[in-house]
Amino acid sequence: MKRLLARIKRAPGSAGDDAGFFSSMYQEAPEAPQTLSSWRDRAPQIGATAFDRRQGAEMFARLWGADRHVVALSADELQRMSQYLEFVQVPVGREVIGQDELGDYMIIVLDGTLSVDRGQPWGSKARLAEAHAGDMLGEMSLLDAGARFSSCITLAPCTLAVVDARRLDEMITQEPRLGVALLASLSRRLSLRLRQVSARLSALLSEN
């Protein structure tokens, strides 16, 4: 089977053998055949259309500045970070992220609402959450190249910022501070989710 793996890449012109950094780009290992669902393929399937870049950058900067879980960045830094994002609008009822697929992108919700659902083996779906402005979706697969845990479907017309593995890799290479700031934000969000799950599990175990 083919697997998609995160790799470690050297920064151009860096000194010393140990001057490497994390890269989100993926390489194929010969043993695990699974199909990658890239944003380039998904966008036309769901009818995603380009959103005004200036307006999208302003929405992104406003949400970033209001989030206590992110690294503080200047207006100029946020503007530069937005150059690595693709801003789109997606109609209602479209599956932006599919459960169990391999994906090379994540989305930041700028406006609108998406459902986060987990399909069950017997055919029903469990609603895990609803995502609103400021929420990030799909970051786990972007970072570890694993299968998506749930599907994300637009419940209303949505404005989204999308970053894929290639653009994240470019950000880390060309703007290391911005790349680290984004990765730190993702790490904090994932840690918060893990703590919430742990708290729920502890509560369930204490009832038994």
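Because the structure is predicted, anything quoted here is derived from the model rather than measured.

A. The arrangement of the sheet that holds strand S5 (residues 86–90) in detail. Sheet architecture is open: five strands sit in the order S4-S5-S13-S8-S11, paired in antiparallel fashion. Both outer strands of the open sheet, strand S4 (49–50) and strand S11 (136–137), are each paired with one neighbouring strand and no more. Bridge count between S4 and S5: two bridges; the pairing is antiparallel. Counterpart to Ala-50 in the pairing with S5 is Val-88. Helix H2 (residues 53–65) rests against S5, strand S8 (105–111), S11 and strand S13 (158–164) of the sheet, and its axis sits at about 90° to S8.

B. Up close: H2. Compared with an ideal rise of 1.5 Å per residue, which puts 13 residues at 18 Å, H2 spans 18 Å between its outermost C-alpha atoms and is within 8% of the ideal. When we look at burial in H2, the residues that qualify are Gly-56, Ala-57, Met-59, Phe-60 and Trp-64. Each buried residue of H2 sits inside an arc of 165° when the element is viewed along its axis, so together they form one side. Opposite the buried face of H2, at more than 90 degrees from it, the exposed residues are Arg-54, Arg-62 and Gly-65. You can read the cap of H2 off the contacts: a side-chain oxygen lies 3.4 Å from the backbone nitrogen of Arg-54, and it is on Asp-52.

C. Structural detail: the nonpolar core. Judged by nonpolar contacts, the single largest core of 28 residues is most densely connected at Phe-60, Trp-64, Met-81, Phe-87, Met-106 and Leu-182. For this core, the elements supplying multiple residues, two or more each, are H2, helix H3 (75–82), S8, S13, helix H5 (165–174) and helix H6 (176–207). Considering every element that reaches this core, the biggest residue donor is H6, with five residues. In contact with Phe-60, not counting residues within four places along its chain, are Leu-78, Met-81, Ser-82, Leu-85, Phe-87, Ile-108 and Leu-110. By size, the runner-up hydrophobic cluster in this structure holds 18 residues, among which are Trp-39, Ile-107, Val-116 and Ala-131.

D. Representation of the sheet that holds strand S6 (residues 95–97) in the model. Across the sheet, which stays open at both edges, the four strands sit in the order S6-S12-S9-S10 with antiparallel pairing between neighbours. Edge strands, defined here as strands with exactly one partner in the open sheet, are S6 and strand S10 (125–131). This sheet shows a mean twist of 35° between the axes of neighbouring strands, independent of strand direction. Direction of pairing for S6 relative to strand S12 (residues 151–154): antiparallel, over a ladder of two bridges. In the sheet register, Ile-97 faces S12, and the bridge partner there is Cys-152.

E. A look at the pattern of salt bridges. Under the definition given, this model contains ten salt bridges. Asp-100 is the partner of Arg-118 in a salt bridge, and the nearest nitrogen-oxygen pair spans 3.9 Å. With Arg-118 in strand S9 (residues 114–119) and Asp-100 in the loop between S6 and strand S7 (102–103), the pair connects residues that are 18 residues apart, well separated along the chain. For Asp-100, a relative accessible area of 48% gives the class partly exposed. Measuring nitrogen to oxygen at the nearest pair gives 2.3 Å for the salt bridge that ties Arg-167 to Glu-170. Of this pair, Arg-167 and Glu-170 are both found in helix H5, three residues apart, which corresponds to roughly one turn of the helix. Here Arg-167 falls in the partly exposed class, since its relative accessible area comes to 23%.

Calculation notes
- Residues numbered from 1 in each chain as written.
- Predicted model: local features only at pLDDT ≥ 70, side-chain atom pairs only at ≥ 80, totals over all residues.
- Heavy atoms only, no water.
- Pairing = 2+ DSSP bridges.
- Helix = DSSP H or I, 4+ residues; strand = E, 2+ residues; numbered from the N terminus.
- Contact = heavy atoms within 4.5 Å.
- Axes fitted to C-alpha atoms, helices over the stretch in contact; angles between N-to-C directions.
- Expected span 1.5 Å × (residues − 1).
- Buried < 20%, exposed > 50% of the residue type's maximum accessible area, 1.4 Å probe, protein only.
- Arc of directions from axis to C-beta.
- Polar contact = N/O pair within 3.5 Å; in protein donor to acceptor, adjacent residues only side chain to side chain.
- Core = buried A, V, L, I, M, F, W, Y, C linked by side-chain atoms within 4.5 Å.
- Salt bridge = Lys/Arg side-chain N within 4 Å of Asp/Glu carboxyl O.

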